[in-house]
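Notes for the structure review
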Amino acid sequence: MSVLVVGSIALDTVKTPVEEHADLLGGSASYAAVSASFFAPVQLIGVVGDDFPPEHVQFLEKRNIDLAGLQRAAGKTFRWSGEYMWDMNTRETRSVELNVFEHFTPELPAAYQQTPFVLLANIAPSLQSHVLDQMSRPKFVIADTMDLWINIARADLEALLKRVDMLILNDSEARQFTGETSLVKAGRKILTMGPRYVAIKKGEHGCLLFGENEFFSCGAYPLEDIHDPTGAGDTFAGGLAGYLAKNVHGPVQFQDLKSAVVFGSVMASYNVEAFSLERLRTLSDADVEKRYGSFCLMSQFEVIK
Ligand code: AMP
């Protein structure tokens, strides 16, 4: 089954303590769509400007991502720039140029209205809701968000939560959103706001998965060399959504989500090994399976298929 992915498509400039690269393919939807494409057919909704390099479009096409929902607008592509501190975890945003993203309204081609799995990657929650307005109730809807929307669009985010099955956010966002110090309390509180499942990401420390009376803690795959953490969360969400679309034919169960979270973590671990989406360009399905197997073994998870 297919996954519909909506979010930002960007040209990023990223600086780490040892390297800096400009105008890289980025954006929440780019990472999420490419990651999901390792598992299932993907439909991408987003906007790019007339400066968007054709080789990036060719890369997305090569991953068999359906681009019928990709808007091309006159003007410049959304640009984002960030700098990582020495711990490669703390990040400062250096600049944001919205450009064509400022007036982006996601419009779904008719063929996408029945897509069963939907990943609302990071964009304004009102736009995420606008995507759902155009669909018959999908089988499973996942939403990602960020601190910006918790600050400036909280009411929109709360309205969205009543319409999604799962929310993914990081630890600081979960604390900010709920006012709870304990991530366990934060996860449980978000469950009362609409979604049936919540995943709280903890960067290099893995993630926590909450369901009603269910809990799963997943570590992160141990990596020695992290080159660029940008998009790790989006790659995680894309892998998780893609895994569900490929493997779950009935209702989504907590057990399915446990495997999905491990596959999402595997995809994120590969992604941070190189800048932008470079590592995913050369990644094979066999690589994904191999790391999934070794991750399960070292974490003493049963391999659940
Ligand atoms: P992450 O590392 O998961 O926070 O995602 C980083 C990606 O998010 C980068 O590729 C940026 O282009 C993109 N991004 C940054 N700010 C925003 C924003 N306000 N809305 C949507 N995407 C954004």
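Described in the following lines is the structure provided in the data block. Note that the coordinates shown come from a computational prediction; the quantities given were computed from them, not determined experimentally.

Cut-off values and rules
- Residues numbered from 1 in each chain as written.
- Predicted model: local features only at pLDDT ≥ 70, side-chain atom pairs only at ≥ 80, totals over all residues.
- Heavy atoms only, no water.
- Near = heavy atom within 4 Å.
- Polar contact = N/O pair within 3.5 Å; in protein donor to acceptor, adjacent residues only side chain to side chain.
- Areas by Shrake-Rupley, 256 points an atom, 1.4 Å probe, with all protein chains shown as cover.
- Helix = DSSP H or I, 4+ residues; strand = E, 2+ residues; numbered from the N terminus.
- Phe/Tyr/Trp six-rings, centres within 6.5 Å; stacked < 30°, edge-to-face > 60°.
- Buried < 20%, exposed > 50% of the residue type's maximum accessible area, 1.4 Å probe, protein only.
- Pairing = 2+ DSSP bridges.
- Axes fitted to C-alpha atoms, helices over the stretch in contact; angles between N-to-C directions.
- Salt bridge = Lys/Arg side-chain N within 4 Å of Asp/Glu carboxyl O.

The ligand sits among 17 residues. The nearest are Ser 8, Asp 12, Gly 27, Arg 91 and Gly 231. Within the side chain of Arg 91, one N or O atom sits 2.9 Å away from an oxygen atom of the ligand. The fraction of the free accessible surface of the ligand (500 Å²) that becomes covered by protein chains is 87%. Put simply, the parts of the chain that give the shell around the ligand at least two residues each are β2 (10–15), β6 (78–84) and α8 (232–247).

Another point: the packing of aromatic side chains. Under the criterion given, the structure shown has nine aromatic pairs. Ring plane angle 80° and centroid distance 5.6 Å describe the contact between Phe 39 and Phe 263, whose orientation is recorded as edge-to-face. Of this pair, Phe 39 sits in the loop between α1 (28–36) and β4 (42–48) while Phe 263 sits in helix α9 (residues 254–271), and the two are 224 residues apart along the sequence. With respect to class, Phe 39 is no different from Phe 263; both count as buried. Relative to Phe 263, the ring of Tyr 243 has its centre 5.0 Å away and its plane inclined at 15°; by these criteria the two rings are stacked.

What follows covers the sheet that holds strand β5 (residues 65–72). Sheet architecture is open: nine strands sit in the order β5-β4-β1-β8-β9-β10-β11-β12-β13, paired in mixed fashion. At either margin of the open sheet sits one strand with a lone partner, and together these are β5 and β13 (214–218). The sheet shows a mean angle of 15° between the axes of neighbouring strands, direction not considered. As defined by bridge partners, strand β12 (residues 207–211) adjoins β13 across five bridges and the pair is classed as antiparallel.

This part covers the pattern of salt bridges. Within the structure shown, the criterion is met by 15 salt bridges. Ionic pairing is found between Asp 133 and Arg 163, a salt bridge with its closest N-O pair at 2.9 Å. Of this pair, Asp 133 sits in helix α3 (residues 125–133) while Arg 163 sits in the loop between α5 (154–161) and β10 (166–170), placing them 30 residues apart in sequence. Of the charged contacts in the structure, one is a salt bridge between Arg 154 and Glu 158, with a shortest N-O distance of 3.1 Å. Of the two residues, Arg 154 and Glu 158 both sit in helix α5, four residues apart, roughly one turn of that helix. With relative accessibility at 31%, the residue Arg 154 sits in the partly exposed group. Within the structure, one salt-bridge network assembled from shared partners comprises Lys 15, Glu 20, Glu 83 and Arg 94.

A separate point is unusual backbone geometry. Working note: non-glycine residues mostly have negative phi, and peptide bonds are mostly trans. A positive phi angle, near 55°, is found at Asp 23, a position not held by glycine. Among the structural elements, Asp 23 can be located in strand β3 (residues 20–26). With a phi angle near 50°, Ser 276 is a residue other than glycine that sits in the positive phi range. For Ser 276, a relative accessible area of 4% corresponds to the buried category.

A few words now on the sheet that holds β2. Spatially, four strands are ordered β3-β2-β6-β7 in an open sheet, and the strand pairing comes out mixed. A strand with exactly one partner marks an edge of an open sheet, and here the two such strands are β3 and β7 (91–97). The mean angle between the axes of side-by-side strands here comes to 20°, regardless of whether they run parallel or antiparallel. For β2 and β6, the ladder comprises six bridges, and the chain directions are parallel.

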